[in-house]
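Summary of the model geometry
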Amino acid sequence: MALCKISVSVLKQLHFSTLCLEQKIELKLLRPTPLLNLIQVTKCKTRDFKRKFKSDLCEKCSWICGCESTNRLFCFPCLLLAKQNGDSSWVSYGVADLSHLTQKIKKHECSQSHLNSILEFNLLGKVDVRQQLDIAFRSNVKRHNEKVTKNRYVLTKIIDCILFCGAFELALRGHDEREDLLNTGVFRGPINFSAELDSSLKDHLTSATIFKGTSKEIQHDLLDCMLTVCQNHIKGEISEASFVSVIADETTDVIINLPIGCRFRYVLSNGQPVERFWGFTNPTGNDAKYLNSSIAECIQASLEKVVAKPEKLISQSYDGTNVMSDQHAGVQSSFINGVQAFIQ
């Protein structure tokens, strides 16, 4: 088919949707507007009215085309885009009634099929704003996902360095972490060494302005997150265990506080006995009476977070906390009273 020799009879048999975009755009400019010899004579009682088709109608209505062989008028956009759902008088048979041509044109211009055809016809070969917005949205989503993936990768490397220090029981930092020091600390050491081997991590450490991930605040946050993950795992194991034992031990830190370390001992479902560290709590109180009661409350608070069924607790053991007793009894007695209240 030569697109330069188009006619209405060819358009009726043409499958417009199968053409490539270049052919569609070329065909859009080839509206057939031959000079039709369309004459209609209307007889009345007193005289006859003779109407003749005027070619300037094709200029006023940019969608009208003509068929020279049938001497009829057709809708060019509907012939291309709405052969099945279009108005049959403007698509299949053609219009030759000049007496009611104005009414037929107005009716066809208001039809839904014609409006859809005109819209699609006018957008053909032009930039579709909806498509451009969709492309921009997908591009933004892609960039966001790439940024999130990169940040997660960097955060994974930082967490690996913290796990490395924890595996060898090394303190993450010392008293001084200035950048100009030769010894930047245990945590900064693996970070800097990993950056030399990992270009993505090195690029992040050198270019990051908001979140670098090496500050002590971030270290504390990551340690808290790791502790939460471990504690949730311990809760899951204890929920499946039949019995559990609580172990409390005190230790004095550098500022003479007395944090209480709490551990749980239980048997896994496969029969393996394990002992898990739960965390530190800081009791309040100065003398033996109030301190023993506070220690018991700390242990009980940890127990309530882990053990859903109090009857699972079968034993309690202490180290330094056991010797702190006065005339009102020690930690064991205070804790037993608290557990009894917890069970009730």
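In the block above lies the structure referred to throughout.
Residues numbered from 1 in each chain as written. Predicted model: local features only at pLDDT ≥ 70, side-chain atom pairs only at ≥ 80, totals over all residues. Heavy atoms only, no water.

Of the volumes computed, that of the largest pocket is approximately 980 Å³. Surrounding the largest pocket, 26 residues form its lining, Leu223, Met226, Leu227, Phe277 and Phe280 being those nearest its centre. Those elements that place two or more of their residues in the lining of the largest pocket are helix H8 (129-167), helix H11 (216-240), strand E7 (273-281) and helix H12 (288-306). Tallying contributions element by element places H11 first for the lining of the largest pocket, with 10 residues. Considered class by class, the residues forming the lining of the largest pocket number 14 nonpolar, 7 polar and 5 charged. Of the residues that make up the lining of the largest pocket, three or more belong to each of domain 2 (133-214) and domain 3 (236-341). (1 Å grid on protein atoms, 1.4 Å probe; cavity = no way out; pocket = protein on both sides within 12 Å on 5 of 7 lines; lining within 4 Å. Points joined across faces, edges and corners; volume = space filled by probe spheres on them. Helix = DSSP H or I, 4+ residues; strand = E, 2+ residues; numbered from the N terminus. Nonpolar A, V, L, I, M, F, W, Y, C, P; charged D, E, K, R; others polar. Domains from an automatic or database assignment.)

Moving on to the sheet that holds strand E6 (residues 260-267). Pairing in this open sheet of 4 strands is mixed, and the strands run E7-E6-E5-E8 from one edge to the other. The sheet is open, and its two edges are formed by E7 and strand E8 (313-318), each paired on a single side. Taken over all neighbouring pairs, the strand axes of this sheet differ in orientation by 20° on average, direction set aside. Across the sheet, H11 lies against strand E5 (244-250), E6 and E7, angled at about 135° from E7, the strand it touches most. (Pairing = 2+ DSSP bridges. Axes fitted to C-alpha atoms, helices over the stretch in contact; angles between N-to-C directions. Contact = heavy atoms within 4.5 Å.)

Let's shift gears to the packing of aromatic side chains. A full pass over the atoms with the stated rule returns 5 aromatic pairs. Considering the side-chain rings of Phe164 and Phe168, the 5.1 Å spacing of their centres and the 55° angle between planes classify their relative orientation as tilted. Just above the ring of Phe121 sits the side chain of Lys28; from NZ or CZ to the centre is 5.5 Å. (Phe/Tyr/Trp six-rings, centres within 6.5 Å; stacked < 30°, edge-to-face > 60°. Lys NZ or Arg CZ within 6 Å of the ring centre and 35° of its normal.)

Read these as spatial facts, not as claims about activity.
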